[in-house]
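Examination of the molecular architecture
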Amino acid sequence: MKLRILLTVCAAGLAAGLMLGRILKHEPSRPERTVHLFTDICVPFSRGQLSAPPEGLGLVRTDLLPRERRWTDPVSASYLLLDEHTCSISTNAPNALTKAEGDVLAADIEQVVAVAFPELAFDPKATMGDDVLFRAWMTGKVASPQRWGVSVYMFPEWGDASGSQVSLTLPRSNRQ
């Protein structure tokens, strides 16, 4: 009888400890994680440096092509792609963000842009239809090498073609 009570107390303590651990750890939502990656990787990338290697943030290197720099994020089910002028974080079906997650992500990225890139202006003409969420903060003339900015592009209701992308595109004249 005493062993049964001891096992019950131990099991209850383990369950309580696991629940408390989850509460204290706070797993970020997918939009929160994407904003975190954008802030920790893309913002420093815009200044010519990375504050931490992507692997240090839990990303896994998954290059598909030679000379590619791609990482997969198991937390947000997204992938990070860095090239000479662009830092982007994307999702694809079946791991596309929902419309609600896209709305949260766009609002959070807008806050990051306001702080990290105050020189960028919101482009109210940046629309792509009713089934696409598109937000852009840009500067420089369209199609010029000096044009750069941040965009959030979501198409959550396209079935197998659903996806999202948050991109920072740098001016072509800045990096050679």
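Residues numbered from 1 in each chain as written. Predicted model: local features only at pLDDT ≥ 70, side-chain atom pairs only at ≥ 80, totals over all residues. Heavy atoms only, no water.

It is worth spelling out the packing of helix H2 (residues 30–46) against helix H3 (residues 99–116) at this point. The contact between H2 and H3 brings their axes to 9 Å, and the two run at 30°. Relative to H3, the element H2 is oriented roughly parallel. The chirality of how H2 crosses H3 is right-handed. In contact with Arg30, Pro31, Thr34, Val35, Phe38, Thr39 and Val43 of H2, H3 contributes Glu101, Val104, Leu105, Asp108, Ile109, Val112 and Ala116. Here the contact of H2 with H3 is built from residues that sort into nine nonpolar, two polar and three charged. (Axes fitted to C-alpha atoms, helices over the stretch in contact; angles between N-to-C directions. Helix = DSSP H or I, 4+ residues; strand = E, 2+ residues; numbered from the N terminus. Parallel < 35°, antiparallel > 145°, perpendicular 65-115°, else oblique. Left-handed = near helix turned anticlockwise from the far one by under 90°. Contact = heavy atoms within 4.5 Å. Nonpolar A, V, L, I, M, F, W, Y, C, P; charged D, E, K, R; others polar.)

Moving on to the pattern of salt bridges. Here the structure, examined in full by the defined rule, presents five salt bridges. The partner of Arg30 in a salt bridge is Glu101, and the shortest N-O contact between them spans 3.9 Å. Taken together, the residues Arg30 in helix H2 and Glu101 in helix H3 connect sequence positions 71 residues apart. In this structure Glu101 comes out as partly exposed when scored by relative accessible area, which is 22%. Notably, a salt bridge pairs Glu68 with Arg70, separated by 3.1 Å at the nearest N-O pair. You can call Arg70 buried: its relative accessible area is 13%. (Salt bridge = Lys/Arg side-chain N within 4 Å of Asp/Glu carboxyl O. Buried < 20%, exposed > 50% of the residue type's maximum accessible area, 1.4 Å probe, protein only.)

That is the geometry; function is a separate question.
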